[in-house]
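The chain contents come next:
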Amino acid sequence: EEPPPDADPRAGEDSTVDPSDPKSIDKAGKDAEREVVELPDRMDDVADDGRRDALKYNDIFFPGWQPEPYLVISSSIGVLATMIWLILFFRCFYFSDRPESLDWWLKKAKELGVDDAAESPDLVIVFRNPGVESTDAGEEMPQDQLKKLLVSDVQTDEFTRTRELAQAKTTEKGDARTALLQDVRELLPKLGFNVRTFCTVDNAEVIVAVTLDSEDVVDYYFMRDHRYCQLQQALTDKLGIVQDPAQNASAPGWLRYNHGVVEQLKPHVVGVNEVPDVFRVYRGSRKEGSVSRGVDRTRIVFAELASHFDLETAKDTGLVSSFYPVHNRRCLSQLRGIWASAAAIWDFSFRQPIHLLKAYYGSRVAFFFAWAGFYCKALLALLIPAIICIALMLASQYFEYRRVFLIEVLQLGFGVVVIVWAAGIRNLFLQDTQYFVEYWHLWAPQRLPRPQYEGSLRRSHIDGSQMERRANSVVLSLTGYFSTLVTIVFCLLVMAAIYGWMTVFHGQMNIVASIVLALQIKIFEIIYRPIAMWLTKLENHKYQVDFINALIWKTFAFQFINYYYAFFYLMIAQKFTEAGCPMVRGIGHDCIWALRRQVIATVGFLAVCRLIEVFGNWGWVKLQIFLQNRALARSAGGADAPVRSYMEEQACLADFEEAEQMEAKLQLVLSLGFVLLFACIAPVVVIVVFVVFVVQLRASAWYLTNVTRRSFPREAGPNGIGAWNDVIAILMGVGVISSALVLVIHGEAFRGQHILTRISFVIVFAFVSFVLWEVLRRSQPEEDSETALLKARRQHVQAKLTLVGQSLPKATHLVSSHEEEEQSRYVSTGQWRRLRPMNRSHEDWNKVDTPDNAAELELPEPARVDDPSDMIP
């Protein structure tokens, strides 16, 4: 057959070269020369094929659209320049909160001159005085709530009075309060706690102050609960380990508290005689020191009380007025001076005393301020590119030539900058999170069941000899579906209200529309807040961490619609409505300009609302204190009014517990969402949100040290801020889609283009963004080099501690000693020919001698093997 016309004429020829044949060598040389000559043409053919394929795919997925290379090149140059600036900022101007050394803070603390070393109670429980007639006198106490109050269903010697009332048909609330007060007062000394009971100056309430001040009791609870304590820094030197104590990675590790460790080290390590020689001792207000800190003692007291009765239910039903850890006056004054002072407003390093906050308020509050301070630094780094972008956008109004092109370059470029910035910043904070989790040993936090958890007593999955509460899984699923349905209904109500807002103002976005929208957002927020709490309680979560995460997701899902739906409607749907885009003075109908103005006005108004809420709480607290003091002065007549104790004053302060902490963080996350979602079209929102973060950070520090009681020191888990990491990731993903939609809906490059072209661009843009995120994630692993070194050094110290006093035992002889000595002598003297082979009688290594008639013995039947691993030697 004739070969095809485009076939290679040399096809089918023998391509082998015979070195002994000159003709073959000459032919091979000519073929090589021909290949070199034809190579440029073939490369052109490949390039032409690539162009044809690109045009073909462009016609399929981007019909009628020709990409503008200058748009991509200009945006890429801006993105590259911004990335260089961000790297420079975090290399040269960034101050980390990792160091535990507080020299920078202690310089300020010495200026305070506070020398009040009085020890504060670990927990205070406030009851109404049963001897004073109260407003609920004669009111009946619901029996089901009284039964829920008692955590254990097993009859014990504790809470006998309250149990008797719970079994009665009816009970007055005053009688239940009196019984609970008496039972609690009798129980606390049995648990090893020191208790002081006294009434307030107006005799209206009874205060039960609980203190854990016995080191023997502390030792008991620490060893019973298998608590971990940090090792002494000097112990590494005593073990002969050389580590630079000035480095963050040289922080001493944690070891399970046990006196046996001291006894093991005492004969072998010089300088180890007592517990303080091994474990870190905290002085605080105790001159002799203790292995326990105030937060540890508070957790122990609360956990023991929670194992007997539910304090939260007692507070909700009015049996307990309040309960709270007491502020330490010296520590609180130091925090006010070094962290919450007015001078801190002008500190743009945004350094936070994270280790101090963790030691005083617990790791959950510490992570909140670590996150808020970190994002203040990150927004400060983004501030310079945002200002440059704003200046260029304003300048573009005076350029008639390529004005629209410049606007699209800035939108695309700054959108990509925000995408990369958000991913990089999130990765950096996750690195800090892993460092603090390792530093504070939060890998396995103690998971205590919530006292409010309801369920029937069943055998424990962990220990069948014990009973535990377990709820019906079907009921839990149904309540979860119900709470989800209620949240969806409220989201639909918000969407309907926003649609009505758009209809009323007919797309005319002015200051009145912005104020009405912000007020509508706050009203729905206030309405849904207690509903979200009620739904989460209805779901009956067993552990507090699960309860908080469920509350976060429920609240965020609703607030996402409440805060952002109006702006997405303006960005996506308003252009295609009958009213069209709003009219902007001097520009015309433009949805983007209206959206910019609306975002800025709404974020600013919401920030003002948050400040009003913070200072409103402060004013309310001050008003209550003033009214109570005036009532005391009137009751005293002409005499001097009695002075409240420091402990009693704190009963009037506000709460900053988990619900309040979640609300404060939610406001910051929602503000950050405006940057992630709309900064590409309104870079000025970066400035507004930066101001919101700074004001919220400083206001929260002031609020925490001046207005609120000391929050309960709850521990965070290994995820640091928990579900908020995933919330921010969702906002980042939606921000990618939002940036792409702005370009394809309002960009001049896509005007009149096919819908398939727009969808394809959104998909490609999202794919490239996710690839960039993955590259950043791999280049910024969660465990950075400093955290890995810290972990390795701690493992080395623990391994050295384990081997102290241990020696390698000698191996036992598996064969007869005489024979082994001969064989060993032959090996030592090099008499290799005299080595004897193994005797068959020694094939059983577990026996030294084997009888000669082993084959004639009757062997028993092999035993039944239950575990297959028993068959493996």
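Residues numbered from 1 in each chain as written. Predicted model: local features only at pLDDT ≥ 70, side-chain atom pairs only at ≥ 80, totals over all residues. Heavy atoms only, no water.

### Considering a nonpolar patch on the surface
Then, number 1: Nonpolar side chains collect at one region of the surface, where Ile-511, Val-512, Ile-515, Val-516, Leu-519, Ile-523 and Ile-527 lie side by side and expose about 590 Å² of accessible area between them.
Then, number 2: Position of Leu-519 relative to the elements: it lies in helix α17 (residues 511-538).
Then, number 3: What makes Leu-519 partly exposed here is its relative accessible area of 42%. (Patch = residues over 30% accessible without salt bridge, like charges linked within 9 Å, V, L, I, M, F, W, Y side chains within 5 Å. Areas by Shrake-Rupley, 256 points an atom, 1.4 Å probe, with all protein chains shown as cover. Salt bridge = Lys/Arg side-chain N within 4 Å of Asp/Glu carboxyl O. Helix = DSSP H or I, 4+ residues; strand = E, 2+ residues; numbered from the N terminus. Buried < 20%, exposed > 50% of the residue type's maximum accessible area, 1.4 Å probe, protein only.)

### Observations regarding the sheet that holds strand β2 (residues 194-199)
Then, number 1: Reading across the sheet, the four strands line up as β2-β3-β1-β6 and stay open at both edges, with antiparallel pairing between neighbours. Of all strands in the sheet, those bounded by a partner on one side alone are β2 and β6 (322-324). The mean angle between the axes of side-by-side strands here comes to 15°, regardless of whether they run parallel or antiparallel.
Then, number 2: Of the strands in this sheet, β1 (123-128), β2 and β3 (205-211) are in contact with helix α6 (residues 173-190), which crosses β1 at around 155°.
Then, number 3: Taken strand by strand, helix α10 (residues 294-306) contacts β1, β3 and β6, and its axis lies near 45° from that of β1. (Pairing = 2+ DSSP bridges. Axes fitted to C-alpha atoms, helices over the stretch in contact; angles between N-to-C directions. Contact = heavy atoms within 4.5 Å.)

### Side note on α17
Then, number 1: Over its 28 residues, α17 extends 41 Å from the first C-alpha to the last, a length consistent with the 40 Å expected when each residue adds 1.5 Å.
Then, number 2: Bending of α17 peaks at approximately 30° at the position of Tyr-528, with proline Pro-530 no more than four residues after it.
Then, number 3: Downstream of α17 by a residue or two, Asn-540 has a phi angle that is positive, lying close to 60°. (Expected span 1.5 Å × (residues − 1). Bend = angle between axes of the 7 residues up to and from the residue.)

### Describing unusual backbone geometry
Then, number 1: Even without being a glycine, His-226 presents a positive backbone phi close to 55°.
Then, number 2: Secondary-structure assignment places His-226 in the loop between α7 (215-224) and β4 (228-230).
Then, number 3: Judged by its relative accessible area of 47%, His-226 falls in the partly exposed class.
Then, number 4: Its identity as a non-glycine residue notwithstanding, Phe-350 has a phi of 55°, on the positive side.
Then, number 5: With respect to the element layout, Phe-350 can be found in the loop between α12 (329-338) and α13 (354-361).

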